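Examination of the molecular architecture
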Amino acid sequence: MSYLERIAEANRRDLSQARPFILDNRELGWVGPNFAQLLSRWPEVFVVEQTLVRLRSEIERGGPDERSRAVSVVLNILREEGFITGWRDEAYPVVWSWGDPPLMVMERAAIPSFGLCGFGVHMNGYCRSAEGLCLWVAKRAATKPTYPGELDQLVAGGQPVGLGLQANLAKECEEEAGIPPALARRASAAGTVTYAASTPRGFQHDVIFTFDLELPTDFVPVNQDGEVDEFFLWPVEQVAEVVRTTDAFKFNCALVVIDFLVRHGVIPPEDPDYAPIVAGLRGREHFLASVGKL
């Protein structure tokens, strides 16, 4: 097993049966055949054809608020019927690219069903002890609706509409690890990690904004929102080995760890896989072709 296999896992997708989701004359996402069939029950909201899925013209012309309202009615019914799980009551922006005005907003749990780009913040909490560089690892609660019991960053969360990245990170720091605001503000932005994968929830195409926070050696995280069962402080070499040789980490969290390992020199430029690793973390289209050995 290898880091490249972890990256490849997060970029495996099959869109052969999917239909583009069109909004404002752009292909914003991808809808699988089963979900498309569900949406066809609401012809007053969606136009479902063999080659595409889109909103009805009169709804699209109504602008972001009308689009959001009409789609929300459908999604709430699908939630009640059990077709959309892991409901968060978090509105996500539907955009072509980060920073654009939202074309509409949509419940977070439905974003993969439409194959829309999602956004999140992940923070590596680390410290430097006498033994060297150590990284805090969170074990997701067994009650989490997605990937229960898998390993995660110290702090991670989705990026809802109407909240800045730094404000969202501070909120997640408090909720997930009990990190006070003054300490959370020391986190430094470290770039982005992107991936696009077919998952049981749909087509997951996400941009993760990554942050690093060096913590005092005597800091001990305490979960506040019930979403973490346990925390571990591991030497960075142990974290690297777990990511490289097992699937214990949630698939996208493994990418954030690999990015940390690159930036902190644990994976050095001399590594023969260094260039494709860096390319793969940025979602380069040529990635899978460049590592045909996988």
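In this report, the structure presented in the accompanying data block is examined.

Below, the discussion takes up the overall build of the protein chain. For the protein chain, the helix and strand inventory stands at 10 helices and 13 strands. Its C-alpha atoms give the protein chain a radius of gyration of 20 Å, within 12% of the compact-globule value 19 Å for 294 residues. With 294 residues in all, the protein chain has 52% of them scored as buried. For the protein chain, restricting intrachain contacts to residue pairs at least 6 apart in sequence, the fraction spanning at least 24 positions comes to 66%.

A positive phi is found at Asp24, a non-glycine position, where the angle reads about 55°. Its location among the elements puts Asp24 in the loop between β1 (19-23) and β2 (26-31). Despite not being glycine, Asn25 has its phi angle at roughly 65°, a positive value.

Of all hydrophobic cores here, the largest spans 33 residues; its most connected members are Tyr3, Phe249, Ile258, Leu261 and Ile277. Secondary-structure elements contributing two or more residues to this core are α1 (3-9), β8 (132-140), β11 (188-199), α7 (236-245), α8 (251-263) and α9 (274-281). The contact partners of Phe249, leaving out residues within four places of it in the chain, are Val137, Glu150, Leu151, Asp152, Val239, Val242, Val243, Ala254 and Val257. Membership of the second largest hydrophobic core comes to 31 residues, among which are Leu23, Tyr92, Phe114 and Leu116.

Rules used in this analysis
Every residue gets a number counted from 1 within its own chain, in the order that chain's sequence is written. In keeping with the predicted nature of the model, local features appear solely for residues at pLDDT of at least 70, side-chain atom pairs appear and are counted solely at 80 or more, and the whole-chain, interface and lining totals rest on all residues. Water and hydrogen atoms play no part in the side-chain values, which are based on all heavy atoms of the structure. Only DSSP runs of H or I with at least four residues qualify as helices, and only runs of E with at least two residues qualify as strands; both kinds are numbered from the N terminus onward. C-alpha atoms define the radius of gyration, and 2.2 Å times the number of residues to the power 0.38 defines the globule rule. Burial classes follow relative accessibility: with a 1.4 Å probe on protein chains only, a residue under 20% of its type's maximum area counts as buried, one over 50% as exposed, and anything between as partly exposed. For this analysis, residues touch if any pair of their heavy atoms sits within 4.5 Å. In this description, a nonpolar core means a group of buried Ala, Val, Leu, Ile, Met, Phe, Trp, Tyr and Cys residues linked to one another through side-chain atoms lying within 4.5 Å.

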